[in-house]
Amino acid sequence: MTDPRDPTDAFPMTPDQEDRLAVERWCEEAGLDRPVRMSSRAYRLSGPLDEGALRRSLDVLVERHEALRVAFPGQGHTRRQVVFPPVPADVRSVDLRREPAERRLAEAKGHLAAHLGANRELESGHRISAIVVQLGVDDHIFGLAVDHLIADGQAFAVLARELWEVYSALLRGQRPELPAPGFAYSDFVRWEADWLANDEEPRRIVRRFAELLQGIGPNPKLSLDGRDPPANASFHAGMVRYAFPPGASTLLNVGCHH
């Protein structure tokens, strides 16, 4: 009997995916903390929540978007990826109503950070994580995380919009009506691989970018309180502790807002 979750045929990884996994392997080999690949958002929901409808909404997205079902055989060493058939989304449920009211939000943040910050296994066909934390009868926090290997901030915004559109339709007893995707994820990846391999223009851009990087030279000097450390010709992993003078955080906040 065949496994219903057997993937379809393999196709290449993108250069961005290869770079991210190479950095992750380097951090592990260097004994550093494993980089968090997951990009997450949390939503505070007031009023009745139909958790079943929310789970079905996620299932609709998983079935709709191939990228949410991608796996990377051999922990990415094969430089290939595959798409699994749709399976129900993995949603964790936490009920904090028995906790003291003043501690619930802090407890919720801990559960959100632990669940959404955990990288999805590369060889599984699950590229999203979700969690529902119940604070009160009509008070919930819904957290959603998407693997950065297959989605950026703009893609996350699209998924979030579609999720709430589907959820709203299911609550009304209607069939969700979303526009058909313009292309399949696997088709786009194959097109990009063919473009990078056979079109001279992207190769020319990469060569020119490499030339510019080689001409940058050593790292520029950094001055803190009049101290000028010597410029370094290479980067080294490590940690630097520095105490900013009073008022610096205020200035930084003002600068960031501008």
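It should be noted that the structure appears before, not after, this text.
On a predicted model such as this, the values are computed, not experimentally measured, just so you know. (Residues numbered from 1 in each chain as written. Predicted model: local features only at pLDDT ≥ 70, side-chain atom pairs only at ≥ 80, totals over all residues. Heavy atoms only, no water.)

### Re the overall build of the chain
Along the chain, the regular secondary structure elements total seven helices and seven strands. When the elements of the chain are put in sequence order from the N terminus, they spell out β-α-β-α-β-β-β-α-β-β-α-α-α-α. The 258 residues of the chain split such that 31% are buried. Put simply, 69% of the contacts in the chain that link residues at least 6 apart link residues at least 24 apart. (Helix = DSSP H or I, 4+ residues; strand = E, 2+ residues; numbered from the N terminus. Buried < 20%, exposed > 50% of the residue type's maximum accessible area, 1.4 Å probe, protein only. Contact = heavy atoms within 4.5 Å.)

### Some words on the nonpolar core
Leu58, Phe142, Val146 and Ile150 are the most contacted members of the largest nonpolar core, which has 32 residues in total. Elements supplying a minimum of two residues to this core: helix H2 (51-64), strand S6 (128-136), strand S7 (139-147), helix H4 (153-171) and helix H5 (185-198). At five residues, the largest contribution of residues to this core is made by H2. By size, the runner-up hydrophobic cluster in this structure holds eleven residues, among which are Val94, Leu112, Val133 and Ala145. (Core = buried A, V, L, I, M, F, W, Y, C linked by side-chain atoms within 4.5 Å.)

### Overview of unusual backbone geometry
Despite not being glycine, glutamine 75 has its phi angle at roughly 55 degrees, a positive value. With respect to the element layout, glutamine 75 can be found in the loop between strand S3 (70-71) and strand S4 (80-83). At arginine 79, a residue that is not glycine, the phi angle is positive and equals roughly 60 degrees. In this fold, arginine 79 is placed in the loop between S3 and S4.

### As for a nonpolar patch on the surface
Taken together, Phe183, Phe188, Trp191 and Trp195 make up a surface patch of nonpolar side chains, about 460 Å² in accessible area. Relative to the elements of secondary structure, phenylalanine 188 occurs in helix H5. (Patch = residues over 30% accessible without salt bridge, like charges linked within 9 Å, V, L, I, M, F, W, Y side chains within 5 Å. Areas by Shrake-Rupley, 256 points an atom, 1.4 Å probe, with all protein chains shown as cover. Salt bridge = Lys/Arg side-chain N within 4 Å of Asp/Glu carboxyl O.)

### A few points about the packing of H2 against H4
The N-to-C vectors of H2 and H4 enclose an angle of 130 degrees; their axes lie 9 Å apart at closest approach. Considered as vectors, H2 and H4 are oriented oblique to each other. The interaxial crossing formed by H2 with H4 has right-handed handedness. Contact residues: Ala53, Leu54, Arg56, Ser57, Leu58, Val60, Leu61 and Arg64 in H2; Leu159, Glu162, Leu163, Trp164, Val166, Tyr167, Leu170 and Leu171 in H4. Residue classes in the contact of H2 with H4 are distributed as twelve nonpolar, one polar and three charged. (Axes fitted to C-alpha atoms, helices over the stretch in contact; angles between N-to-C directions. Parallel < 35°, antiparallel > 145°, perpendicular 65-115°, else oblique. Left-handed = near helix turned anticlockwise from the far one by under 90°. Nonpolar A, V, L, I, M, F, W, Y, C, P; charged D, E, K, R; others polar.)

### A closer look at the environment of isoleucine 150
Counting through the fold element by element, isoleucine 150 comes out in the loop between S7 and H4. For isoleucine 150 and methionine 38, which are 112 residues apart along the polypeptide, the C-alpha to C-alpha distance reads 10.0 Å. Excluding its chain neighbours within four sequence positions, the residues that come into contact with isoleucine 150 are Gln17, Ala67, Leu68, Val70, Phe72, Arg127 and Tyr185.

### Brief notes about the sheet that holds S3
One open sheet holds the three strands; their spatial order is S1-S4-S3, and the pairing between them is antiparallel. Each of the sheet's edge strands pairs with one partner strand only, and the pair in question is strand S1 (11-12) and S3. As defined by bridge partners, S3 adjoins S4 across two bridges and the pair is classed as antiparallel. Bridge pairing links alanine 71 to valine 82 in S4. (Pairing = 2+ DSSP bridges.)

### Digging into the packing of aromatic side chains
Counting across every chain of the model gives eight aromatic pairs. Linked through ring pairs, Tyr43, Phe142, Trp164 and Tyr167 together constitute an aromatic cluster. Over the aromatic face of phenylalanine 156 sits the side chain of arginine 41, whose NZ or CZ is 4.7 Å from the ring centroid. (Phe/Tyr/Trp six-rings, centres within 6.5 Å; stacked < 30°, edge-to-face > 60°. Lys NZ or Arg CZ within 6 Å of the ring centre and 35° of its normal.)

### Structural notes on the pattern of salt bridges
When charged atoms on two side chains of opposite charge get close, those side chains can pair. Inspection of the entire model under this criterion finds 18 salt bridges. Aspartate 16 is paired through a salt bridge with arginine 20; the nearest N and O atoms lie 3.1 Å apart. One end of the pair is aspartate 16 and the other is arginine 20, both in helix H1 (residues 15-29) and four residues apart, which spans about a single turn. Judged by relative accessible area, which is 40%, aspartate 16 ranks as partly exposed. A salt bridge links arginine 44 to aspartate 139; the nearest nitrogen and oxygen atoms lie 2.8 Å apart. In this pair, arginine 44 sits in strand S2 (residues 38-46) while aspartate 139 sits in strand S7, placing the two residues 95 residues apart along the sequence. Three or more residues joined by partner-sharing salt bridges are found here, namely Glu24, Glu28, Arg34, Arg37, Arg127 and Asp147.

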